[in-house]
Amino acid sequence: MAQAVEEWYRQMPIITRSYLTAAVVTTVGCTLDIISPYHLYLNPKLVVQHYEIWRLVTNFLYFRKMDLDFLFHMFFLARYCKLLEENSFRGRTADFFYMLLFGATVLTSIVLIGGMIPYISEKFAKILFLSNSLTFMMVYVWSKHNPLIHMSFLGLFTFTAAYLPWVLLGFSVLVGSSTWVDLLGMIAGHVYYFLEDVYPRMTGRRPLKTPSFIKALFADDNVVVARPANAGVGVAGARFGAVGPGAQFQ
């Protein structure tokens, strides 16, 4: 069993493995009181006035207390991050890293700007960690790249992957969870999808071209992936179980 888990871990692509490892280590460290969450959360005043720049990164690594919800989110992160990196971004590790960097920047900007708008600033002030939002962004981008994969929800109804973010959002509403983090992830994912996939087809210009200094960090192979419009990636996981052709939320 341990050997199988180790093999599964080793076979993960570099970005997925690195992010999952950092998230688990950070969350476990906080659970054991080795690290304090108070040193990790997003606090604009501490970032600007006290130069605690690391908060711009660490708030994406902490997934709250270790419970069943944490396990779901780790599965959620590992599955969709891996699917994107191995399929849509195959041979383009630098582009995938840039997607995450762009998403993190958009999410942080939304929270900072929202915190300055009257009447809704209190809502944004309560958003201390954006880790869940970033993983939800990955789900949104994956669903846009694989819109025709058939999925089912508890065997009650079927839908295509294009509606997966909305199904998960609806489930959050049903169980009484905050939908803010999900909505932020959807917004960031849509901004990326529009600028990377839709806008270039409309204008012939690609505003999100990965900077050369980021490309220099990764030794990518020159792989060209021809992906049909209805291409899928097999069985995919979701927040509360596995979804894919004929699969169900557990």
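What you see is a predicted model, and the numbers here were worked out from it, not measured in a lab.

Cut-off values and rules
Along each chain, residues carry numbers from 1 onward, in the same order as the chain's sequence is written. Confidence filtering applies because this is a predicted model: local features only for residues at pLDDT of at least 70, side-chain atom pairs given and counted only at 80 or more, and all residues used for totals across whole chains, interfaces and linings. Excluded from the side-chain calculation are hydrogens and water; included are all heavy atoms of the structure. Under the DSSP-based scheme used, a helix requires at least four consecutive residues in state H or I and a strand at least two consecutive residues in state E, with every element numbered from the N terminus. Each residue's exposure class comes from its accessible area (1.4 Å probe, protein chains only) as a fraction of the maximum for that residue type: buried when under 20%, exposed when over 50%, partly exposed otherwise. It only takes one pair of heavy atoms within 4.5 Å for two residues to be counted as in contact. Residue-level confidence of the predictor is summarised by pLDDT, bounded by 0 at the bottom and 100 at the top. Nonpolar side chains (Val, Leu, Ile, Met, Phe, Trp, Tyr) within 5 Å and like charges within 9 Å form the patches, drawn only from residues with over 30% relative accessible area and no salt bridge. Each accessible area value is a Shrake-Rupley result obtained with a 1.4 Å probe; residue values ignore everything except the protein chains displayed when judging cover. Here, a salt bridge means any Lys or Arg side-chain nitrogen found within 4 Å of an Asp or Glu carboxyl oxygen. Joining through side-chain atoms within 4.5 Å is the link that ties buried Ala, Val, Leu, Ile, Met, Phe, Trp, Tyr and Cys residues into a set, and such a set is a nonpolar core. UniProt positions are given in the numbering used here, feature names are shortened, and annotations may be inferred rather than shown by experiment. Throughout, an axis means a line fitted to C-alpha atoms (over the contacting stretch in the case of helices), and angles, computed between N-to-C directions, take values from 0 to 180 degrees. Each angle gets one of four labels, with under 35 degrees taken as roughly parallel, over 145 as roughly antiparallel, 65 to 115 as roughly perpendicular, and the rest as oblique. Two helices crossing with the near one rotated counterclockwise from the far one by less than a right angle form a left-handed crossing, whereas a clockwise rotation gives a right-handed crossing. Under the scheme applied, nonpolar residues are Ala, Val, Leu, Ile, Met, Phe, Trp, Tyr, Cys and Pro; charged residues are Asp, Glu, Lys and Arg; polar residues are all the others, including Gly.

Engineer: If you had to explain the overall build of the chain to someone new, which residues and values would you point to?
Structural biologist: For the chain, the helix and strand inventory stands at 11 helices and four strands. Residues classed as buried in the chain amount to 45% of the 250 residues present. Expressed as a percentage of contacts within the chain between residues at least 6 apart in sequence, the contacts between residues at least 24 apart total 66%.

Engineer: Could you give an account of the confidence of the model for the chain, with specific residues and numbers?
Structural biologist: Put simply, the chain has an average pLDDT of 83, and 87% of its residues get 70 or more. Under a pLDDT of 50 for its full length, residues 222–250 has, in the predicted model, 80 contacts with residues more than four places off or in other chains.

Engineer: Which residues make up a nonpolar patch on the surface, and what values go with them?
Structural biologist: A cluster of nonpolar residues, Ile113, Met116, Ile117, Tyr119 and Ile120, forms a patch on the protein surface that exposes about 600 Å² of accessible area. The topology assignment puts Ile117 in the loop between helix 6 (93–114) and helix 7 (121–125). Judged by its relative accessible area of 37%, Ile117 falls in the partly exposed class.

Engineer: Would you mind going over the nonpolar core in detail, with residue names and values included?
Structural biologist: The biggest cluster of nonpolar side chains holds 56 residues, and the ones touching the most others in it are Leu77, Met99, Met138 and Trp142. Mapped onto this core, the elements with two or more residues apiece are helix 2 (14–31), helix 5 (68–88), helix 6, helix 8 (131–145), strand 1 (150–153), helix 9 (164–174) and helix 10 (180–203). With 10 residues, the top contributor of residues to this core is helix 6. Ignoring anything within four residues of it in the chain, the contact list for Met138 reads Tyr19, Leu77, Cys81, Leu84, Met99 and Leu100. Membership of the second largest hydrophobic core comes to six residues, among which are Leu40, Tyr41, Leu46 and Tyr62.

Engineer: An account of the UniProt feature "transmembrane region" (unreviewed entry) in the chain is needed here, citing residue identities and associated values.
Structural biologist: Per the UniProt annotation, the sites labelled "transmembrane region" (unreviewed entry) are residues 19–41, 96–118, 154–174 and 180–199. End C-alpha to end C-alpha, residues 19–41 measures 17 Å, and it is 57% helix and 0% strand. What you have in residues 96–118 is 83% helix and 0% strand, and the ends, taken at the C-alpha atoms, are 35 Å apart.

Engineer: Mind laying out unusual backbone geometry, listing which residues take part and the relevant values?
Structural biologist: Of note, the phi angle at Asp33 is positive, near 60°, even though the residue is not glycine. Along the chain, Asp33 turns up in the loop between helix 2 and helix 3 (44–49). Here Tyr51, not a glycine, exhibits a phi torsion of approximately 60°, which is positive. Along the polypeptide, Tyr51 turns up in the loop between helix 3 and helix 4 (55–58).

Engineer: For the pattern of salt bridges, give the residues involved together with the corresponding values.
Structural biologist: Tallied over the entire structure, the rule returns six salt bridges. Glu52 serves as the salt-bridge partner of Arg55, at 2.6 Å between the closest nitrogen and oxygen. Glu52 shares its class with Arg55; the two are buried. Salt bridges linked by common partners bring Arg92, Asp95 and Lys215 together as one network.

Engineer: Now, about the packing of helix 8 against helix 10: what can you tell me, with residues and values included?
Structural biologist: Running from N to C, helix 8 and helix 10 cross one another at 45°; their axes reach a closest spacing of 7 Å. By the angle between their directions, the pair helix 8 and helix 10 is classed as oblique. Pair helix 8 / helix 10 crosses with right-handed handedness. Residues Asn132, Ser133, Phe136, Met137, Tyr140, Val141, Lys144 and His145 of helix 8 lie in contact with helix 10, whose contacting residues are Val181, Asp182, Leu184, Gly185, Met186, Ala188, Gly189, His190, Tyr192, Tyr193 and Asp197.

Engineer: Outline the packing of helix 5 against helix 6, supporting the account with residue identities and numerical values.
Structural biologist: Packing of helix 5 against helix 6 leaves a shortest axis separation of 9 Å and a crossing angle of 140°. Regarding the angle of helix 5 to helix 6, the classification is oblique. In this structure, helix 5 crosses over helix 6, and the sense of that crossing is right-handed. Packed against helix 5, whose contacting residues are Cys81, Leu84 and Glu85, the element helix 6 presents Thr93, Phe96 and Met99 at the interface. Of the residues in the contact of helix 5 with helix 6, the class split is four nonpolar, one polar and one charged.

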